Amino acid sequence: MKRIQIRTIINRVTNQERIFTMFVCICKGITDHQIKQLVTESGVGSIRELKQHLPLGSQCGTCVKVAQNIIDNTIMDESLFKEVG
Ligand code: FES
């Protein structure tokens, strides 16, 4: 019985993450989740570095400013929650 409840909660959380995923680059189908993941796991800190991993901005280029904001906010969030000392 408890396993079923836990699985239900996990499914709800997973579904919420899916709802909040946003397409940043429509031309290439790149999401904010992909960008955040590259910042946190691969240390990407700029658009130039991001373009080494993803073809973001290679068509119309309207996504670059939003992507830069996501990079900046993710770096800020990461630094706010790092343990000190
Ligand atoms: S929206 Fe990213 S290149 Fe067009």
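These figures come from a predicted structure and were not determined experimentally.

S.K.: Can you explain the overall build of the protein chain? Please cite residues and give values.
M.R.: In terms of regular secondary structure, the protein chain is built from 4 helices and 2 strands. N-terminal to C-terminal, the α/β element order of the protein chain is α-β-β-α-α-α. A total of 85 residues make up the protein chain; the buried ones form 15% of that total.

S.K.: Could you give an account of the confidence of the model for the protein chain, naming the residues involved and the relevant values?
M.R.: Confidence in the prediction of the protein chain, expressed as mean pLDDT, is 85, and 73% of residues score 70 or more. Of all secondary-structure elements in the protein chain, the lowest mean pLDDT belongs to helix 1 (residues 2-19), at 60, while helix 3 (residues 47-51) reaches the highest, 97.

S.K.: For the nonpolar core, give the residues involved together with the corresponding values.
M.R.: Val24, Cys25, Ile30, Ile35, Val39, Val44, Leu50, Leu56, Cys63, Ala67, Ile70 and Ile71 together form the largest nonpolar core, which totals 12 residues. When contributions to this core are tallied by element, the ones reaching two or more residues are strand 1 (23-25), helix 2 (32-42) and helix 4 (64-80). With 3 residues, the single largest contributor to this core is helix 4. Each residue touching Ile35, except ones within four places of it in the same chain, is listed here: Val24, Ile30, Leu50, Ala67, Ile70 and Ile71.

S.K.: I'd like to hear about the packing of helix 2 against helix 4, residue by residue, with values.
M.R.: Axis separation between helix 2 and helix 4 bottoms out at 9 Å; the angle between their running directions is 45°. Relative to helix 4, helix 2 is oriented oblique. The two elements helix 2 and helix 4 meet at a crossing, and its hand is right-handed. Residues Asp32, Ile35, Lys36, Val39 and Thr40 of helix 2 form the contact with helix 4, whose own contacting residues are Ala67, Ile70, Ile71, Thr74, Ile75 and Glu78. Of the residues that constitute the contact of helix 2 with helix 4, the class distribution is 6 nonpolar, 2 polar and 3 charged.

Conventions adopted
Residues numbered from 1 in each chain as written. Predicted model: local features only at pLDDT ≥ 70, side-chain atom pairs only at ≥ 80, totals over all residues. Helix = DSSP H or I, 4+ residues; strand = E, 2+ residues; numbered from the N terminus. Buried ≥ 20, exposed ≤ 12 C-beta atoms within 10 Å, placed from the backbone. pLDDT = per-residue confidence, 0-100. Core = buried A, V, L, I, M, F, W, Y, C linked by C-beta atoms within 7 Å. Contact = placed C-beta atoms within 7 Å. Axes fitted to C-alpha atoms, helices over the stretch in contact; angles between N-to-C directions. Parallel < 35°, antiparallel > 145°, perpendicular 65-115°, else oblique. Left-handed = near helix turned anticlockwise from the far one by under 90°. Nonpolar A, V, L, I, M, F, W, Y, C, P; charged D, E, K, R; others polar.

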